[in-house]
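Chain by chain, the residues:
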Amino acid sequence: MVRNLVTKLEEAFLSLLLVSMTLLVFAEVVARFGFNAGIHWAQEVTLLLAAWFVLFGASYGVKVGAHIGVDVFVKLMPHNTHRFITLVAVGLCLVYCGLFLYGSWIYLSKMKMIGIELEDLPVPKWIPMSILVIGFVLLIVRFLQLGWKVVTDQADGFHFADEAEESMELAKELEETALATEPKEGANQVKKEGDK
Amino acid sequence: MTIAVLFITLFGCMLIGMPIAIALGLSSVTTILLFSNDSLASIALKLFEATSEHYTLLAIPFFILSSAFLSTGGVAKRLINFAVDTVGHIKGGLAMASVMACMLFAAVSGSSPATVAAIGTIVIAGMVRSGYPQSFAAGVIANAGTLGILIPPSIVMLVYAAATEVSASRMFMAGFIPGLMMGLILMIAIYIVARIKGLPSQPFPGFKALAKSGLIALGGLMLIIIVLGSIYGGIASPTEAAAVAAVYGYFIAVMGYRDIGPMKGVPWCKEGENFVTAALRNAVQMLWAFPKSITDPEVRKVILDASKVSMMLLFIIANAMLFAHVLTTERIPHTIAETIIAWGLPAWGFLIVMNILLLIAGNFMEPSAILLIMAPILFPIATQLGIDPIHLGIIMVVNMEIGMLTPPVGLNLFVTAGITGQNMVWVIKACLPWLCLLLGFLILITYVPQISLFLPEYIDHLNGY
Amino acid sequence: AVAAPVEIKFSHVVAENTPKGQMAIKFKEIVDERLAGKVEVKVFPNSQLFGDNKVLEAMLLGDVQMAAPSLSKFQKYTKKLQIFDLPFLFKDMEAVEKFQNSEDGQKLLGSLQKKGLVGLGYLHNGMKQLSASQPLKVPADASGKKFRIMTSDVLQAQFEAVEAVPLKKPFSEVFTLLQTKAIDGQENTWSNIYSKKFFEVQPYITESNHGVLDYLVVTSAEFWMGLDDGLKAEIKKALDEAIKHGNGIAAQKASADKQQIIDSKRSEVLELTDAERAQWVTAMKPVWKKFEDQIGADLIKAAEASNN
Ligand code: NA
Ligand code: NA
């Protein structure tokens, strides 16, 4: 239940960030071309949304297996060796997160102490920058979860995104629609002409 | 020593299956901590800079979003119809039409495997029914599908532009002629095979049908016109054009073609409905479709899928910038370049070495990751040897195309195996003759820079340079 | 044992052959010669370390010791330095120089202290000109046109004062946007217009000299206060000489680049008559009033006096 709600919220937030970036840049073009006007804060806000999108999304990516990596070699190993190597890799990922979390914390504290505002909006700079710390904390949580899954033998690797697999969804969808409906279009035209 | 630590940690981390982004980041941080006195805080600052100071990079998520909207089965079908109507009546016409459909789909999607899946699913079966050998059909499509990253807009080109700071619009223009040329080479090869084997042709459907299918296909193809048109017509920069393309992609998929989303299955004109009521009904329904899109599961899935891919790429790029930062401050490409020049390796020799290196990398890794690691190293060397950055980019992209057809990691191979239901060995054999063609094309692209440079230079010339 | 030399990382965003790049190299040379073993300067050009937007933050973190961003970049650190963005405040570089060397000008160097930075000296780029796709002779010509500006409230107000549309766009996108006419014009110094090839895509350049684009050589207070006074004085002396050297190159380059642009015949350079210039001044001068509270009326007056 809770887990489902968290996933829904993460997905909605991530999508919202992407859509807002897109619409903001689109609005800028419309304003400039259609109304001969500029949106003076648009560029800064778009870029900050981008930072949030990436740093927030990275942990979600670990959860759903959206990152990419080279797993052809580890997959050749026996199951338990694979699990062991994955644990080492997860450990190194946690080292990465730890180093960045530490650095981000110092950076953020310094910015908060100096107290500078954003260029175009009257907002203290450290507030939007806090995603650095938030992002790495979330990333640590996700890697710990993954590590636990490997320890308890529910997973053996990182489960990387597979563009080929995703493209196959498109193929499946096409096959299903070709069977379900009697289309007037493409597939059928090819079939008709093939038949004669 | 620095070079050794950087690359050994990078490849070590990748080998044990860490996400590439983190492998890049961790090897960079380790090197910085060991060999320079930068603080962790400034490395965090550098990462934040990489995610929040690069406006041109935003073209990547926007293009991914636009092709996510247009990489649907419905769009593929419309493009195939148009292609069959155009070249289907020539000998071997169905195969040629398939290549053309791949080229058209390539022009709206930035992805090669998606092109194979969308076009291949329909046309391979159709070709087999028309009497083509299945291996022939599969080989043609797996190859033509690689054009997805060569014909603009292309995500891989944007990644190259990001890694080397060359102009994305110039890269797009440079990919145009090579893309068309490769398509044409495939079609000519098909024609020759068709003559020898006596493969069938389709009847010509007449100009009226051609015009109709062309008009329908135009909805999707407008995307490339919008993108290149707004960049060169003075409305927008590549980033802005990509945002416009994403909004257009939503409109055409949800409101125009109505393949997905709240308007799915709603006809433009019901039977017996007059024009005025149809127009009014459509207008009201379309307005209502905006708020409904927010909760529509299909629209949300498209956006979420695009978010996942974009986020993943941008996270790699941010870490790759740290990596490139280490490379430049430690003057690593410089050192390598000096070594190579000390060997007396000429430009053509360097290009051979580079192609072999990239082809090997293409066996194991995905295009964007390869580019992000290799481009910052190869770029300064190539510049010193007098190779044009844009030309270098196109060579790299063609190498990445080939990488999609080579085992063990070849995305197009996987998809082709999936849609034909055959095993990998069969697919590899089917692709092999066409792969040779592609290798020949790589040599051509590598040693005739004019193919890539003609169009961007011609446009410069039009602008009076 | 001998103490390790003090390391100064000098990070900037331009090429080594620019006045700023040359100034940094000169500074390194002087320090190498006089303070060998005591101070070591490392110059990182071309944004190798950090871009202009992040370099000040890196300085506060102690990872960069010197940089020279343009004066507009400091508007969030102190409102006072906005004075250099005010339109038509200085009639030429001589006046700029005179004000910068005056007591008020030197006092301004300390205005960043609260935010942890110390200004060490002003470095010139030059007077700004207006370039556009249409000839700009009077303020009305600029009305409704889109101009790219750096992020700066004053520059935004300056273009709004002539009913033009100021657009903030990253420097890297400016050329494309000008070439495609997505934006109509921009303001910059002769040397930037030349080196960034803006003159090739902007058929008209108005020699307006309407503002100044200068840099501030800056260091972090923490670093600076940590040095002993003798060393501080020697570094400052070396820097002053390097800045003088850089300013000399900047002045030469401004007139040479202007000539190159004229000789290229790609762009027509328009001169303003006194009457035309007066119109621009009348239109833009209200901007002073708008920022008077932030900058200080006395300071503006003092700067204006440097024209005499
Ligand atoms: Na494409
Ligand atoms: Na491969």
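Everything numeric in this text was worked out from a predicted model, so none of it was measured. (Residues numbered from 1 in each chain as written. Chains lettered and ligands numbered in written order. Predicted model: local features only at pLDDT ≥ 70, side-chain atom pairs only at ≥ 80, totals over all residues. Heavy atoms only, no water.)

### Let's talk about the pairing of strand 2 (residues 39–44) of chain C
Residues and elements named next belong to chain C.
For step 1, the next point in the chain: Bridge count for strand 1 (residues 6–11) against strand 2 is 6 bridges, and the pairing is parallel. Residue pairing for strand 2: Ile8 is matched across the bridge by Val41.
For step 2, the next point in the chain: Each parallel crossover has a hand, and the one from strand 1 via helix 1 (residues 19–34) to strand 2 is right-handed. (Pairing = 2+ DSSP bridges. Helix = DSSP H or I, 4+ residues; strand = E, 2+ residues; numbered from the N terminus. Right-handed = clockwise from strand over helix to strand, strands pointing away.)

### Quick word on the UniProt feature "transmembrane region" (unreviewed entry) in chain A
Residue and element names in this part refer to chain A.
For step 1, the next point in the chain: As recorded in UniProt, the sites labelled "transmembrane region" (unreviewed entry) are residues 12–35, 41–62, 83–106 and 126–144.
For step 2, the next point in the chain: This span, residues 83–106, is 100% helix and 0% strand, and a straight line between its end C-alpha atoms measures 35 Å.
For step 3, the next point in the chain: End C-alpha atoms of residues 126–144 are separated by 27 Å, and the span's content is 95% helix alongside 0% strand. (UniProt positions renumbered as here; feature names shortened; annotations may be inferred.)

### Thoughts on unusual backbone geometry
For step 1, the next point in the chain: Here the residue pair B:Pro152 and B:Pro153 is connected by a cis peptide bond, since its omega of -10° sits within 30 degrees of zero.
For step 2, the next point in the chain: Among the secondary structure elements, B:Pro153 is positioned in the loop between helix 8 (134–145) and helix 9 (155–164).
For step 3, the next point in the chain: With a phi close to 50°, A:Asn36 is a non-glycine residue in the positive phi region.
For step 4, the next point in the chain: Relative to the assigned elements, A:Asn36 resides in the loop between helix 1 (2–35) and helix 2 (42–64).
For step 5, the next point in the chain: Residue classification places A:Asn36 among the partly exposed residues on the basis of a relative accessible area of 29%.
For step 6, the next point in the chain: Although it is not a glycine, C:Lys197 adopts a positive phi angle of roughly 60°.
For step 7, the next point in the chain: Structurally, C:Lys197 can be placed in the loop between helix 8 (190–195) and helix 9 (198–201).
For step 8, the next point in the chain: Classification of C:Lys197 as partly exposed rests on a relative accessible area of 44%. (Buried < 20%, exposed > 50% of the residue type's maximum accessible area, 1.4 Å probe, protein only.)

### Section: the pattern of salt bridges
For step 1, the next point in the chain: Enumeration according to the criterion identifies 28 salt bridges over all chains in this entry.
For step 2, the next point in the chain: With a shortest N-O distance of 2.6 Å, B:Asp38 and C:Lys9 are connected by a salt bridge. With B:Asp38 in the loop between helix 2 (20–35) and helix 3 (40–52) and C:Lys9 in strand 1, this pair bridges two chains.
For step 3, the next point in the chain: By relative accessible area, B:Asp38 is classed as buried at 15%.
For step 4, the next point in the chain: Note that C:Glu304 and C:Lys285 form a salt bridge whose closest N and O atoms lie 3.7 Å from each other. Of this pair, C:Glu304 sits in helix 14 (residues 297–305) while C:Lys285 sits in the loop between helix 12 (274–284) and helix 13 (286–295); the two residues are 19 residues apart in sequence, bridging distant segments of the chain.
For step 5, the next point in the chain: Residue C:Lys285 is classed as partly exposed on the basis of its relative accessible area of 36%. (Salt bridge = Lys/Arg side-chain N within 4 Å of Asp/Glu carboxyl O.)

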